[in-house]
Amino acid sequence: MNHDLQIVGFQVGRETFGAPITSLHEIVRVPEITVVPDAPECVEGVINLRGKIVSVIDLRKRFGEKSIAPSRQNRILVVEHKGRLSGLIVDSASEVIRIPDADVEPSGTIFQDGRMNCVTGLGKHKGRLIVLLDMAKLLEDSGTRIVKDEKKDTGNKRAAVPAPQNSCFMRMEKYS
């Protein structure tokens with residue numbers, strides 16, 4: 001029996017991305033964002049969403065795209081990760097797309113390394129490719145890596161080592 005993958009389609013730059021509809025909490029217009037000092041470059045700040053503080057990441061910056069002026073089409077995809085809400089600014093989000101399982105190709109090994117490990121596959125829909133994303137991996141907590149302190153034999157103690165400066169991965173709960 002064939003099943004269709006239901007995703008929410010959204011644009012970042014010229015590309016169309018998709019996330020499983022089950023991973024989204026809601027989609028909202030971009031409200032006023034409060035800037036957080038010393039946040040990574042891709043973190044725009046935080047918003048108050050019906051009494052809940054939600055950290056907001058600009059996916060254009062996260063994916064290394066050039067910045068453009070905000071528009072009325074911009075949206076925030078609100079996702080829940082590890083019990084906390086996070087927002088992802090996208091250029092537009094407009095459609096629920098159904099893709100038959102037969103039209104989904106798994107991501108190749110090129111996407112398994114480094115910053116692209118959030119790509120789960122490529123979907124074919126109406127003559128275009130949609131990059132399928134795993135929201136949990138996209139928001140994965142790797143801004144601070146825990147590593148064993150090798151200079152001193154501290155037993156079970158571990159030291160926090162900052163991630164590379166160009167990394168937008170971070171502990172989201174720090175900002176929400």
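The model shown is predicted, which means the values in this text are computed figures rather than measured ones.

Calculation rules
Residues numbered from 1 in each chain as written. Predicted model: local features only at pLDDT ≥ 70, side-chain atom pairs only at ≥ 80, totals over all residues. Heavy atoms only, no water. Pairing = 2+ DSSP bridges. Helix = DSSP H or I, 4+ residues; strand = E, 2+ residues; numbered from the N terminus. Axes fitted to C-alpha atoms, helices over the stretch in contact; angles between N-to-C directions. Salt bridge = Lys/Arg side-chain N within 4 Å of Asp/Glu carboxyl O. Buried < 20%, exposed > 50% of the residue type's maximum accessible area, 1.4 Å probe, protein only. Phe/Tyr/Trp six-rings, centres within 6.5 Å; stacked < 30°, edge-to-face > 60°. Core = buried A, V, L, I, M, F, W, Y, C linked by side-chain atoms within 4.5 Å. Contact = heavy atoms within 4.5 Å.

**What to know about the pairing of strand β2 (residues 15-20)**
Pairing geometry for strand β1 (residues 4-12) and β2, over six bridges, is antiparallel. Among the inter-strand pairings, V12 is bridged to a residue of β2, identified as E15. If you look at the hairpin formed by β1 and β2, you'll find two residues sitting between the two strands, and G13 has a positive phi there, around 65°. Judged from the two bridges that link them, β2 and strand β11 (residues 128-133) form a sheet pairing that is parallel. Directly across from G18, in β11, lies its bridge partner L132.

**A look at the sheet that holds strand β8 (residues 92-100)**
Strand order in the open sheet formed by six strands is β8-β1-β2-β11-β10-β9, and the pairing between neighbours is mixed. Single-partner strands in this sheet number two, and they are β8 and β9 (104-106). When strand polarity is set aside, the average angle formed by the axes of neighbouring strands in this sheet is 35°.

**Points about the pattern of salt bridges**
In total, this model carries six salt bridges according to the counting rule given. Measuring nitrogen to oxygen at the nearest pair gives 2.7 Å for the salt bridge that ties E44 to K61. With a gap of 17 residues between them, E44 in strand β4 (residues 43-49) and K61 in helix α1 (residues 59-62) connect regions that are remote in the sequence. We note a salt bridge from E105 to K124, for which the minimum N-O separation is 3.4 Å. Of this pair, E105 sits in strand β9 while K124 sits in strand β10 (residues 119-125), placing them 19 residues apart in sequence. Residue classification places K124 among the partly exposed residues on the basis of a relative accessible area of 38%. Through salt bridges with shared partners, a single network forms among R60, E65 and D91.

**Looking at the packing of aromatic side chains**
Evaluation of the coordinates by the stated rule reveals two aromatic pairs. An aromatic cluster is present here, built from F10, F17 and F63 joined pairwise through their rings.

**A closer look at the nonpolar core**
Ranked by size, the top nonpolar core spans 22 residues in total, and within it F10, L59, L77, L88, V90, L133 and M135 carry the most contacts. For this core, the leading source of residues is β1, giving three residues. What L59 contacts, discounting residues up to four positions off in sequence, is F10, V12, L88, I89, V90 and L138.

**With respect to the environment of S107**
By secondary structure assignment, the location of S107 is in the loop between β9 and β10. The sequence separation of S107 and V119 amounts to 12 residues, and the corresponding C-alpha distance is 6.4 Å.

**Quick notes on the environment of V131**
Looking at the element boundaries, V131 is found in strand β11. Owing to a relative accessible area of 15%, V131 belongs among the buried residues under this scheme. Considered as a pair, V131 and E15 are 116 residues apart in the sequence and their alpha carbons are 7.9 Å apart. Excluding its chain neighbours within four sequence positions, the residues that come into contact with V131 are T16, F17, G18, V119, G121 and L122.

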